[in-house]
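Given next are the chains, with one letter for each unit.
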Amino acid sequence: MRHRVARLSIRARLMLVGLAGVAGALVIGGVLLYAVLTASLGRSLEGTARASAQQVALLVDSGRMPDPVPVSGSQVVQVIDAAGRVVTGSVTADRLTALVTPDELRRALAGLQVVVPGSRSGLSGRLQVVAVPAGPAHAYSVVAAAPTADVEQSTRTLRTLLLWIFPLLLAVLALIAWRVIGAALAPVEALRRGAARIDESSSESERLPVPPTSDEVSALATTLNAMLDRITVARRKQRAFVADAAHELRSPLASMRTQLEVAQRLGEGGDLPADLLGDVDRLTTLVDDLLLLARADDAATNRQSSAVDVAELLSEVVGRYRGARVPVRVAPGVVGRDMQTWARRGELVRALTNLVDNAVRHARTGVVLDAAAVGHQVEVTVSDDGHGIGTQDRERVFDRFTRLDEARDRDSGGSGLGLPITRALLRRNGGDVRLEDAAPGLRAVVRLPTEG
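First, a word on what this report is: a plain description of the structure on this page. (Residues numbered from 1 in each chain as written. Predicted model: local features only at pLDDT ≥ 70, side-chain atom pairs only at ≥ 80, totals over all residues. Heavy atoms only, no water.)

## Quick look at the overall build of the chain
As a reminder of what qualifies: Secondary structure elements follow DSSP: runs of H or I no shorter than four residues count as helices, runs of E no shorter than two count as strands, and numbering proceeds from the N terminus. With a 1.4 Å probe rolled over the protein chains alone, any residue whose accessible area is under 20% of its type maximum counts as buried; one over 50% counts as exposed, and the rest are partly exposed. The contact criterion used throughout is that any non-hydrogen atoms of two residues lie within 4.5 Å. Accessible areas in this description were obtained via Shrake-Rupley with a 1.4 Å probe; residue shielding takes into account the shown protein chains only.
Of the regular secondary structure elements, the chain holds nine helices and 12 strands. Across the 452 residues of the chain, 35% fall into the buried class. For the chain, the share of sequence-separated contacts (at least 6 apart) that also reach a separation of at least 24 residues comes to 59%. Accessible surface, the chain: about 26100 Å² in total, of which carbon and sulfur atoms supply 58%.

Right, here's the structure in full:
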C-alpha cells in the first residue's frame, strides 16, 4: 500500500491526505451529532411523559382520581395499586392489564429507562415508560408511556441524511481540493515544463519562469536560473576553449602538411612513413570538425536563413559522390517536386554530406536519397543497405566521439563527430535527425522546417 501511494503524484497524495482528515472529522462529527440528537430527543420524550405522570400523581395525592385520566397527545397513563391492578387510566389505556410487569415497574420507579412494546396498549411501535409513586404511603404508582415512533423516525432520517450527505460532501471537497492543489502546484508544473524545454539546442538566454510571489517556489526558480547562468558561463568557456584550440592547431597542421608534401616531392629528409600525410589529413579533419562543432553550439554565430530548394539540394549532394565506393542516387520522382525549406544552405549541405559519408562507408550496394512533404515539414531520408545499427545504439551514436565497435578501425570509421555535427547543424536550423531500420540497412530521417 505504501508503494502504491508513493507512486501517486504530489497533487493526488495531498488530496488523499486532506480528504482522509476531512472524512475523519466528518465521521466523528456525524457520530457525535447523531448521539447527541438521539439522547436529546429521548430525554425530551422522557421529560414529557414524566411531567404527565407527576401531574396525575398530584391529583392522586389530593384525593382526586379522575376517570379517565386526562393526558396530552398519544400518551398512555395508568394508575396501578400495590397489588398491580389498574385503578384508572387514560382513554387509550387498558383498564384490565397493567402496561408494565412488576419488574419493569420497579425499574421505572428507580429511574431506569424502560421501553415496552406498543402492542400492550394496542399501539404500533414502542413506548417509553416513566413511573412515579402517588397517594398516601405511595400506595399507588402512576405509569406514563409515550410512543417512540416520532423519535425513531427522526433518528432514521438523520442517519440516512448523514450517510448520503457525507459521500456527496467528500466528492465536492475532493473536486475543490483537486483544483486548489492544482492551482497551488501550477508554478511547479511551469518550472517542470520550462526545464523540459531547455536542452543543448535551446537559446542560452532561455530561463525558467519565476512566479510573481515571494514563496518557496519563487526562491527555487530564482536559484535554478542562477544555476543555469553558471552553466551557460561554463559552456561558453568550454566552447571558447575548443574553438581557440582548434583555431590554433590549424596553422601548425597546415605548415606540417606543406613541409611534408615538399619533402616528399623533393626527396629531402629521407624516406617518409607512408601514412604520415594521411595522419596529418585525419588530424586536420578532426580539428576542422571540432571548430565547426564549437561554432554550431554557439548561437551568436547564427546567420540569417533563406529558402532552399530541397530537390536541388539533394542533386548537389549526390553530385559529390560520382566516384564513391557504391552508387549514390536520388530516388525517382524527387527531382521536380516543389519542396522548400528555410535554413542555411551550407550547413544543410554539410549535414547531409556527413550522413551520406556514413551511408557510403557501410552500404553494400548503394545509397538512396529521398524527400517528401510531411505536414509543415520536409522529410529527407538517406538510406543504405548495410548492416544497420542496433536499436539501443541509434541515439548513442549522436554523442561526441562515439564509434561503435565494428567501426573503430581508423581506416573504416570516422572521428565520431560526424553525426553530432549533423544533429547540431540541423537543430540550429530548426530541424532534427533520427535513425530508423531500413530492413536491410539503416535510414537517417531528417526533418526540416518549411517556414523560416
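## Topic: the pattern of salt bridges
This is how it is decided: The working definition used for a salt bridge is a side-chain nitrogen of Lys or Arg within 4 Å of a carboxyl oxygen of Asp or Glu.
Applying the stated criterion across every chain, the model contains 21 salt bridges. Among the salt bridges present, the one from Arg 106 reaches Asp 103, with a minimum N-O distance of 3.5 Å. Separated by three residues within a single helix, Arg 106 and Asp 103 lie in helix α3 (residues 102-109), roughly one turn from each other. Take Asp 103: its relative accessible area is 40%, and that puts it in the partly exposed class. The residue Glu 104 makes a salt bridge to Arg 120 at a minimum N-O spacing of 2.7 Å. Residue Glu 104 is located in helix α3, and its partner Arg 120 is located in the loop between β3 (114-117) and β4 (126-134); the two are separated by 16 residues in the primary sequence. The exposure class assigned to Glu 104 is buried, which follows from its relative accessible area of 13%. Three or more residues joined by partner-sharing salt bridges are found here, namely Glu 312, Glu 316, Arg 320 and Arg 345.

## So, the sheet that holds strand β12 (residues 442-449)
Where we set the bar: Here, strands pair whenever DSSP counts at least two bridges between them. Inter-axis angles, ranging from 0 to 180 degrees, are taken between N-to-C directions of lines fitted to C-alpha atoms, where helices are fitted over the stretch in contact.
Ordered in space as β7-β9-β10-β12-β11, the five strands form an open sheet in which the pairing is mixed. The strands lining the two open edges of the sheet, one partner per strand, are β7 (328-330) and β11 (432-437). Recorded for the sheet is a direction-independent mean angle of 20 degrees between the axes of neighbouring strands. Across the sheet, helix α7 (residues 310-318) touches β7, β9 (367-374) and β10 (377-384), and the angle it forms with β9 is around 170 degrees. Along the sheet, helix α9 (residues 418-428) makes contact with β11 and β12, crossing β11 at roughly 130 degrees.

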